[in-house]
Every structure is written in C-alpha cells, then in structure tokens.
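What the coordinates show
Listed below, chain by chain, are the residues.
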Amino acid sequence: MPLSMALGAALMVAGFAPPGVAAPPGGAEGNMTMRVDDVVVTAKISLPPGSAVQGSITGTLSITHNGTSAAIRSGRMTMVDPDGRDLAGTQFVASGTANAWTSNVPLSADAAPGIYQVSVVAEVAITTSDGVVNVPIRTTDPVAVPFRAQRNIPMIWTSTASAPAGSMISVSGAANIRSLGTGEYEPATEQEVKLYFDPTGDAPETYRATLTTDSRGFFTVRQQPGASGKWRAEMPMTETGARAVWTITSAERVRDTILRQGSVSATQNGFTAGDHVMTHDVVVGLTPVLRRVDVGSLDFTVGGTSGWVSATSRRGEGSFPDGYQVQKELVHSGVGTSHATLTFNPTLPAGVYDIGIRDAMKACSAPDWVANDAASGASNCTHDMLVQDSTVTTIVVKRATSTTVTASETSFTGPKTITLRGDVRRVQLLSTGGAAIRPAPNVSVKLYFDPAGSAAPVYTKTVTTGSDGTYATPVVTSTSGQWIAKYSGTSLQASSKGTVAITVN
C-alpha cells in the first residue's frame, strides 16, 4: 500500500483531516509495509498536532521488521508550504528509541498556516541471518496535511460580573495567535468569534452573536443575559487556525422596582474610556434599604484605582431642607466590573436622585502577548482616563405604603352584594423627627375583580379613604375570583395592593 494513501487515511483518523473534513485533536501518522526479498518492513511516519508547531516540524519515522536490527541509511522528510516553497528537512537521525528516527523541517519566520504537502524518502538497512538488506521507504505522492496556528482566548470578561435583572452588560475578550514560524504570540486579528450563553438551570445554551476581532485582537458586544449563567466564546476551527474556547459566568440579581441605567464616556489622546451604570428604584420602609449600583467598563477599558458613585436628591425634605448628597467609593472587583452600595432610610428626602460617577480608568491599546496568559493581555491598559458625570442616570426613592381589603362574606351563593373594607397606610416623616407608619387619609383606591380562570381583572370602581385611612363600599359579586384593591401611590409614595378571595357556589 503506498505510504501516501496510508498516511492520508491515518491523518484523518488522528487529527489532521484533509480540507473541509473535521478531525479530532492530536498528531498524525501513516503506515506502509515494504518487502524486499524475505525482509518485511512496516514503516510509520508520525507528525505533531498542527497547532503545536513552533518554528519547525519534526516527523518521526519508526519501523517494525523481521530482521535482527535496523539502521538508517539515508533519508529525510520534505514539504511544500502553502506559499509553494520547498522545505527540506534534516537527514533522519536516531530519536533515542530503537527503530525510530526523526527529521526536522525548519520553518521561516513568515511560515503561513494551511496545507503543507508532506513527502518522505528514506532507506533503512535491515540485518538478517543472511546479511544486510536495504529497504527503500518513500511516498508515491505528497500528502496534504493542514498545520493550523494555535489560537487562544485567554481573556474574557463581563462588565459587570453581576447586575440587576434586565440590565445590558458587555461581554468582551482578547484573543491571540501563535506564529508557526517563530512560536511568538501576537493579537489574533480579523478572527471570527461565536458567542453562546448557557443560563443556569434546565434551559439550553443559546447562540447570541458572531463577532470579529479588531486590529488589537479584541472583541466586544452588548447583551441582555436574562438570567445568571455561563458565556462561551469560541473561535471555530478553520483550515489555518485551531479551535479556541473560553468561558466565564455572570450573575443576574432579582429586581422588583424599575431598572435604571445609563452610560458616560470620555476621549483623550485618541483613546476613549467609559462606564455603564446599572441600578434600580428604591422603596423604603422604616428600616434602611441598601441599593447596589453596578458599574461596567465600556469597550476595552478598565476601572482604575480610585473613584466613587454619588447620589444627589433633587428636593429637600425634613432634616435635609437643602437636599441630600452622598458619595460611596467604587469597589473594583475584576476586569471591567465595579460597584458601590448606597444606603437609603425613610428620613432622607423622597423623590428623584441623580446618580453620578467619577472613575479614574485605564484605556487599552493592543495586548502585548509576552506569554500565553491573561495578565499579559491587559499589560497595555495603561492610558489614564478620567470619566466623570454627575447624572449618568436617575433613580426614584419612594416611601412604602400598604393597602388591605376584606370582604363581609367570602363564600356564598350568588349573585350577592357584599361589603369590601380596607385601609391604606404609609411611611411618613414626623414633625418631631424620624418616621412612622400612619393612615393615609383622602387617597383613591381602585377596585378590580379578577374572575377565576384566565380572564384579566376588570376595573369596577374607585373609592376614597376617610380621615382615618379606611374605606368601605358595597359590590355585587356573581362568580368566584378575587377582589383587588390598588393604591396608585404618588411621586413620593410607592403603590401597593391587597386581595381577598371569593367563592361563589
């Protein structure tokens, strides 16, 4: 069997498929059997994995035979590179293993990944009891072998690593590629990157985007995760490049108030840095509420060593007639992710607060891949930038309320007129200082009936609380379901609702 045929078949099995054929990782090898007189030699040529090549390609020729010993007479491995250049390997030399020899093909510094045409010509001397027999070993036709550049995504990050539900975050990364000719790493430019998201739980992984690395080897995209989960960035295998995969997780926190987010950036000396700020509204009762403000770096910038988030009220109230302002230091918890935690209590002014930021940031030029590690990828994030804005977004702080509803009867034969009663209470400031829960007089309460089943609630009437914050009203009820009492709130007071279930026999 010609070595070219055997080698081609074995390459596909061992990891070096012909163009257009997927193959598993690993080296390549081919086998052939030669017979001269009564001497039978089975030869095998082995090649390294295509993505492991650095500066040269070493092939190992090993044999089995029916003689007593073997020696190499002559021979070498030769190649034709993707640019059509002839590459001559060194003469086969002993590998240190019996019946095995190596030939090394040097590569030029500009060696291109792609299809190499591999040939082997050798002669081995087999010693038998009748003397020495020379057996030729050669390929009849060159074998097409793809040698792929090793590509890596040693850096991937989300900005931020944790965010309130519904937020837009950035998924960014930096990729490198290793030269076949020198073994040195440089940015992987114009490379396709596919992004997938695997949410925590039973939901399947989904494809999110196809990106292309820029001249620095960077890629980035804005995404709304929709859940906590794991991001997977993949550069698919090509004829010239090895497959590369990297993963990272992001967390999404429960949110029960309106999401607020905004962005700010600054440009200096040709570099642009920026932050995306994410938080949500506050409803405060008698106990303080801690509200986290998440800050994610935009594009290829990272938070510096100093900065803060501020909250400034637009109105004065109670002990703060001139308004209230607080600044909290940013906590930088990873590449592109920071946060600060603000505290709100019922004695602070309610209403709109401006959320500002001051962040001493670093803009990034192309990574300096001195090694295949993430740290070297961030080595050129050294360009100082100050990003500052007093109103990146706003939040609304409201004091909590509660609404109740009861029915004079909850199980009866209908239709029937029953009486609904309830009250509205709210957190309010005291003239003597502090805050307390007090009745809410003269406020409107809307009543809805939600019939059992899939039908939507139906508005019925509006009632007004008395001076003690209570209300009572008759309603006709003919089917099972629930009555809902809703207080809409104000610009300073949160909405609330109460329900009561009704069974009509």
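So, a few notes on the structure that sits alongside this text. (Residues numbered from 1 in each chain as written. Predicted model: local features only at pLDDT ≥ 70, side-chain atom pairs only at ≥ 80, totals over all residues. Heavy atoms only, no water.)

Moving on: the nonpolar core. In terms of nonpolar packing, the biggest core is built from 30 residues, with Leu 47, Ile 63, Met 77, Met 79, Leu 107, Tyr 116 and Phe 147 touching the most fellow members. When contributions to this core are tallied by element, the ones reaching two or more residues are β2 (39-47), β3 (56-65), β4 (69-80), β7 (100-106), β8 (114-128), β9 (131-138) and β10 (143-147). Element by element, the count of residues in this core is highest for β8, at six residues. Residues Ala 273, Leu 330, Ile 355 and Val 387 belong to the second largest nonpolar core, which totals 26 residues. (Core = buried A, V, L, I, M, F, W, Y, C linked by side-chain atoms within 4.5 Å. Buried < 20%, exposed > 50% of the residue type's maximum accessible area, 1.4 Å probe, protein only. Helix = DSSP H or I, 4+ residues; strand = E, 2+ residues; numbered from the N terminus.)

Strand residues, when the strand is regular, have side chains that alternate between the two faces of the sheet. The element strand β23 (residues 289-297) is extensively covered by neighbouring structure, given that seven of its nine residues are classed as buried. When strand β21 (residues 271-280) meets β23, the two strands line up antiparallel, connected through four bridges. Within β23, the position partnered with His 276 by the bridge is Gly 296. Pairing of β23 with strand β27 (residues 337-344) involves eight bridges; the strand directions are antiparallel. Across the sheet, residue Gly 296 finds its bridge partner in β27, namely Thr 337. (Pairing = 2+ DSSP bridges.)

Attention now moves to the environment of Arg 178. Within the secondary structure, Arg 178 is located in strand β13 (residues 169-178). Linking Arg 178 and Asn 152, residues 26 residues apart in sequence, is a C-alpha distance of 8.6 Å. Sequence-distant contacts of Arg 178, that is, excluding residues within four places in its chain, are made with Ser 51, Ala 52, Val 53, Gln 54, Ala 149, Gln 150, Gly 183, Glu 184 and Tyr 185. A distance of 2.7 Å separates the side chain of Arg 178 from the backbone oxygen of Ser 51, its partner in a polar contact. (Contact = heavy atoms within 4.5 Å. Polar contact = N/O pair within 3.5 Å; in protein donor to acceptor, adjacent residues only side chain to side chain.)

Bringing the side chain of Asn 152 into the picture now. Assignment of secondary structure puts Asn 152 in strand β11 (residues 151-159). Since its relative accessible area comes to 15%, Asn 152 is described here as buried. Among the polar contacts made by the side chain of Asn 152, one reaches the side chain of Gln 150 at a distance of 3.4 Å. Leaving out residues up to four positions away in the same chain, Asn 152 has contacts with Ala 174, Ala 175, Asn 176, Tyr 185, Met 235, Ala 244 and Asn 372.

Let us look at the state of the cysteines. Simply put, disulfide is the name for a covalent bond between the sulfur atoms of two cysteines. Under the criterion given, the structure shown has one disulfide. Linked covalently through their sulfurs, Cys 364 and Cys 381 form a disulfide whose S-S length is 2.0 Å. In this structure, the disulfide formed by Cys 364 and Cys 381 twists by about 105° around the S-S bond and is classed as right-handed. Residue Cys 364 is found in the loop between β28 (351-363) and α2 (374-377), and its partner Cys 381 is found in the loop between α2 and β29 (383-399); the two are separated by 17 residues along the sequence. With a relative accessible area of 5%, Cys 364 lands in the buried category. (Disulfide = S-S within 2.5 Å.)

Moving on to unusual backbone geometry. Leaving glycine out, the prevailing phi sign among residues is negative, and the prevailing peptide bond configuration is trans. Here the residue pair Ser 159 and Thr 160 is connected by a cis peptide bond, since its omega of 10° sits within 30 degrees of zero. Among the structural elements, Thr 160 can be located in the loop between β11 and β12 (162-164). With omega at -5°, the peptide bond leading from Gly 414 into Pro 415 counts as cis. Mapping Pro 415 onto the fold places it in the loop between β32 (411-412) and β33 (416-429). A positive phi angle, close to 65°, is found at Asn 99, a residue other than glycine. Turning to its location among the elements, Asn 99 is positioned in the loop between β6 (93-94) and β7. A relative accessible area of 26% places Asn 99 in the partly exposed class. Not every positive phi belongs to a glycine, and Asn 269 is a case in point at roughly 55°. Mapped onto the elements of the fold, Asn 269 is located in the loop between β20 (259-268) and β21.

Burial of the side chains of strand β39 (residues 496-504) is restricted to one face: Ser 496, Gly 498, Val 500, Ile 502 and Val 504 are buried, whereas none of Lys 497, Thr 499, Ala 501 and Thr 503 on the reverse face is. With two bridges joining them, β32 and β39 adopt parallel strand pairing. Residue pairing in the sheet places Phe 412 in a bridge with Val 504 of β39. In this sheet, β39 lies alongside strand β38 (residues 481-487) in antiparallel orientation, the contact comprising seven bridges.

A word on the packing of aromatic side chains. Evaluated as defined, the whole model comprises nine aromatic pairs. With a centroid separation of 5.9 Å and 70° between ring planes, the pair formed by Tyr 196 and Tyr 207 is classed as edge-to-face. Of this pair, Tyr 196 sits in strand β15 (residues 192-199) while Tyr 207 sits in strand β16 (residues 206-212), placing them 11 residues apart in sequence. According to the relative accessible area criterion, Tyr 196 is buried, its value standing at 17%. On the basis of relative accessible area, Tyr 207 is assigned to the partly exposed category, the value being 45%. Where Phe 449 meets Trp 483, the ring centres are 5.0 Å apart and the plane angle is 55°; that geometry is what we call tilted. In this pair, Phe 449 is assigned in strand β35 (residues 444-451) and Trp 483 in strand β38, connecting sequence segments 34 residues apart. Here the aromatic residues Trp 157, Phe 218 and Phe 300 are joined through ring pairs into a cluster of three or more. The lysine or arginine in question, Arg 232, covers the ring of Tyr 196, its NZ or CZ lying 4.2 Å from the ring centre. Directly above the aromatic system of Tyr 448 lies the positively charged group of Lys 486, at a separation of 4.8 Å from the ring centroid. (Phe/Tyr/Trp six-rings, centres within 6.5 Å; stacked < 30°, edge-to-face > 60°. Lys NZ or Arg CZ within 6 Å of the ring centre and 35° of its normal.)

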